[in-house]
Amino acid sequence: MKRNNLQVMMRLIGLVKPLTGYMLLAILMGLVGHLCAAFITIMGGVAVLQLLGLYSKITLGIIFTCLILFAVVRGFLRYAEQSCNHFIAFKLLALLRDKVFTALRRLTPAKLEGKDKGNLISIITSDIELLEVFYAHTISPICIAALFTVVMVLFIGSYHWALGLLALAAYVTVGVIVPVITSKMSGANGINFRTQSGELAGFVLDSLRGLPEILQYGQGEKRVQQMNEMTENLSVQEKRMKRMSNGNIAVTNLVILVFDIAMLFAATQLCEFEGVLIPTLALMSSFGPVVALAALGATLQNTFAAGNRVLDILDETPVVEEITGKEEITFAGAQAKNITFSYGDETILTDLSVEIPQNEIVGIVGKSGSGKSTLLKLFMRFWQVQKGEIRISGRSVDDINTTNLRNMESFVTQETYLFDDTIRNNLRVAKWDATDEEIVAACKKASVHEFIQKLPQGYDTQVGELGDSLSGGERQRLGLARAFLHDAPFLLLDEPTSNLDSLNEAVILKSLHEECEDKTVVLVSHRKSTMGIADRVYSVEQGRNS
Ligand code: ATP
Ligand code: MG
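Attention here is on the structure that accompanies the text. (Residues numbered from 1 in each chain as written. Chains lettered and ligands numbered in written order. Predicted model: local features only at pLDDT ≥ 70, side-chain atom pairs only at ≥ 80, totals over all residues. Heavy atoms only, no water.)

1. A look at the coordination of the magnesium ion (ligand 2)
Ideal geometry at a metal centre gives angles of 109.5 degrees when four donors are arranged tetrahedrally and 90 or 180 degrees when six donors are arranged octahedrally.
Logical step 1: Within the protein, the magnesium ion (ligand 2) binds to Ser-373 (OG) and Gln-414 (OE1); these donor distances fall in the range 1.9 to 2.4 Å. Of this pair, Ser-373 sits in helix α10 (residues 372–379) while Gln-414 sits in the loop between β6 (409–412) and α12 (423–428), placing them 41 residues apart in sequence.
Logical step 2: Ser-373 gets classed as buried once you look at its relative accessible area, which sits at 18%. (Donors = N, O, S within 2.8 Å, 3.2 Å for Na, K, Ca; no water. Helix = DSSP H or I, 4+ residues; strand = E, 2+ residues; numbered from the N terminus. Buried < 20%, exposed > 50% of the residue type's maximum accessible area, 1.4 Å probe, protein only.)

So this is what it looks like as structure tokens:
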């Protein structure tokens, strides 16, 4: 989505409302601190005038007391402002992560199917960290500079209004015009940099996942080369950004010098000696806050790019909304009624109807790609049908609380995902408070208990990170054990025995048959043998009933 920089900034500020109080405090401390610093120099000028006998409104004693006071206050505020900023940064990270994860939770699982996961990871990690910098080191400098400018312009203007205007022009040029121009010039760099680093993250992740294939087909060299090219591009991009920001600093310093000289010249034309020295000193010693803004120019686009990516996730409408607040129901059969479904443009299922009566085993057959897995996902309401209705107990799934729906269903996918944890904990995913007896019983039904017992640490054996250490059949049986443990009335089994030998398949079909006296099962399979236990069989060809 396209947003302009101001919109991004306002949205980002809106996100952190709970921290407004702390941010105001940090801004106030920063403002007073900078004023103290500027007035130390100005007081020095006053002291010189006093010594020369040109100024007599306040005594030298008062001047020195002020100097010491300003120095102490400045030191203290600097420390206090820093710790306040650290506190804000810390809270901010937590707040932003919470928002992004909540959004992701809404968007899954459709969001994670096929989308570029590396990019998502770089948003969750580096973009959010960059935004923390935005809040702690961008917003507050901008506010401080604005307020500081007002005070200094009034002060200098008190000597002559024209000098005040000149000071205003100086601050605006250094703090706004120069940074805006440089940020425009570096605009695309920041966005490219973020996108490319996201792509690199994705590429590395992908390479790790596909390591066996890379080795098998001798693609290692090529992958490393591609990775090097991407890294090289990134560093070129980064160097360009560095160069920009160095050039930026030089320009800023030049502009400041020009304005200092202009102030000196104008003041000599307009004022007496006091009115020359003090405004000139005041201007020279007061560029700190606006220079801080100038330094932001080059990184600002980068920050906006990160902000945009995070906002994109926050704004994305989920494929399906979570449903709450409906009346709880119990399972009494399911039905797909004249449904039509497509992922984007490609229509997968057309006017399909399937009847799944309570306590029956319904088989679904069909060739690869005909939409069998898709149908199961629709019963899970991972996606929304475009036409027709998916019903559970006679009620549309759009009218059933999502938690209620998921509690009624056990979904065993074609690929069982195993977490990098013990076997026991991997099974507990299906039921957190399962007792050891329940776990063993479920594993026996899934014909995997004996296998687990033979492992070095039995149920406490760690599964490798990507579950690579287990065979396809073993993973499949663990997936089934999860489903048995979840103990829902409605089982959706996607090719549960495709990787099993006939002996293990027979055990599982037998458990399904016995276990599922009081359960309803949808069984997707290619195999005739598997369909033997089905009470009725639907064939889905090209997404239609056939
Ligand atoms: P198999 O027997 O090989 O498991 P299937 O019958 O289960 O096949 P589905 O997985 O339902 O088939 O896929 C049906 C079609 O939808 C396929 O052409 C597939 O490429 C496409 N498809 C699946 N998931 C998505 C998705 N998230 N986005 C876009 N297209 C998808
Ligand atoms: Mg499938």
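2. Quick word on helix α7 (residues 220–270)
Logical step 1: For α7, which comprises 51 residues, the first-to-last C-alpha distance of 74 Å matches the rise-based estimate of 75 Å (1.5 Å per residue) to within 8%.
Logical step 2: Three or more residues of α7 are buried, namely Leu-234, Gln-237, Met-241, Asn-248, Thr-252, Val-255, Ile-256, Phe-259, Asp-260, Met-263, Ala-266 and Ala-267. (Expected span 1.5 Å × (residues − 1).)

3. What to know about the packing of helix α13 (residues 436–445) against helix α15 (residues 472–486)
Logical step 1: Direction vectors running N to C along α13 and α15 enclose 125°, while the axes themselves pass 8 Å from each other. Considering the angle they form, α13 stands oblique to α15. The two elements α13 and α15 cross, and the hand of that crossing is right-handed. Between α13, through Glu-438, Ile-439, Ala-442, Cys-443 and Lys-445, and α15, the contact on the second element is made entirely by Ala-481, Phe-484 and Leu-485. (Axes fitted to C-alpha atoms, helices over the stretch in contact; angles between N-to-C directions. Parallel < 35°, antiparallel > 145°, perpendicular 65-115°, else oblique. Left-handed = near helix turned anticlockwise from the far one by under 90°. Contact = heavy atoms within 4.5 Å.)

4. What to know about the state of the cysteines
Logical step 1: Evaluation of the coordinates by the stated rule reveals zero disulfides.
Logical step 2: Between Cys-66, a cysteine without a disulfide, and Cys-36, which holds the nearest cysteine sulfur, the sulfur-to-sulfur distance is 10 Å. (Disulfide = S-S within 2.5 Å.)

5. Regarding the pairing of strand β2 (residues 346–356)
Logical step 1: Alignment of strand β1 (residues 334–343) against β2, held across seven bridges, turns out to be antiparallel. Residue pairing in the sheet places Ala-336 in a bridge with Val-354 of β2. (Pairing = 2+ DSSP bridges.)

6. Considering the sheet that holds strand β5 (residues 395–396)
Logical step 1: In space, the four strands of this open sheet follow the order β2-β1-β4-β5, with antiparallel pairing throughout. If you trace the sheet from one side to the other, it starts and ends with β2 and β5, each paired once.
Logical step 2: Packing against the sheet, α10 makes contact with β1, β2 and β4 (387–392), and its axis sits at approximately 115° to β1.

7. Some details on the site of ligand 1
Logical step 1: Lining the immediate surroundings of ligand 1 are 16 residues, of which Glu-113, Ser-368, Lys-372, Ser-373 and Thr-374 lie closest.
Logical step 2: Gly-369 places a main-chain nitrogen or oxygen 2.8 Å from an oxygen atom of ligand 1.
Logical step 3: Taking Ser-370, its main chain carries an N or O atom lying 3.2 Å from an oxygen atom of ligand 1.
Logical step 4: With the chains in place, 69% of the 640 Å² that ligand 1 exposes on its own is no longer accessible.
Logical step 5: Among the secondary structure elements, those contributing two or more residues to the shell around ligand 1 are β2 and α10.
Logical step 6: No other element matches the three residues that α10 contributes to the shell around ligand 1.
Logical step 7: Split by residue class, the shell around ligand 1 holds three nonpolar, eight polar and five charged. (Near = heavy atom within 4 Å. Polar contact = N/O pair within 3.5 Å; in protein donor to acceptor, adjacent residues only side chain to side chain. Areas by Shrake-Rupley, 256 points an atom, 1.4 Å probe, with all protein chains shown as cover. Nonpolar A, V, L, I, M, F, W, Y, C, P; charged D, E, K, R; others polar.)

8. A few points about the environment of Met-263
Logical step 1: Checked against the element boundaries, Met-263 lands in helix α7.
Logical step 2: For Met-263, the residues in contact, after removing those within four places along its chain, are Ile-156, Leu-163, Leu-166, Ala-167, Pro-279, Thr-280 and Leu-283.

9. Considerations on unusual backbone geometry
Logical step 1: Of note, the phi angle at Asn-338 is positive, near 45°, even though the residue is not glycine.
Logical step 2: Turning to its location among the elements, Asn-338 is positioned in strand β1.
Logical step 3: Here Asn-338 falls in the partly exposed class, since its relative accessible area comes to 35%.
Logical step 4: Of note in the backbone geometry, Arg-381 takes a positive phi value of approximately 60° without being a glycine.
Logical step 5: Inspection of the secondary structure assignment puts Arg-381 in the loop between α10 and β4.
Logical step 6: Residue classification places Arg-381 among the buried positions, given a relative accessible area of 4%.

10. Some words on the pattern of salt bridges
Logical step 1: Applying the stated criterion across every chain yields a total of 18 salt bridges.
Logical step 2: Between Glu-415 and Arg-475 there is a salt bridge whose closest N-O contact spans 3.8 Å. Pair noted here: Glu-415 is in the loop between β6 and α12 and Arg-475 is in helix α15, with a separation of 60 residues, a long-range link.
Logical step 3: Its relative accessible area of 58% is what places Glu-415 among the exposed residues.
Logical step 4: With a closest N to O distance of 2.8 Å, Glu-438 and Lys-431 form a salt bridge. (Salt bridge = Lys/Arg side-chain N within 4 Å of Asp/Glu carboxyl O.)

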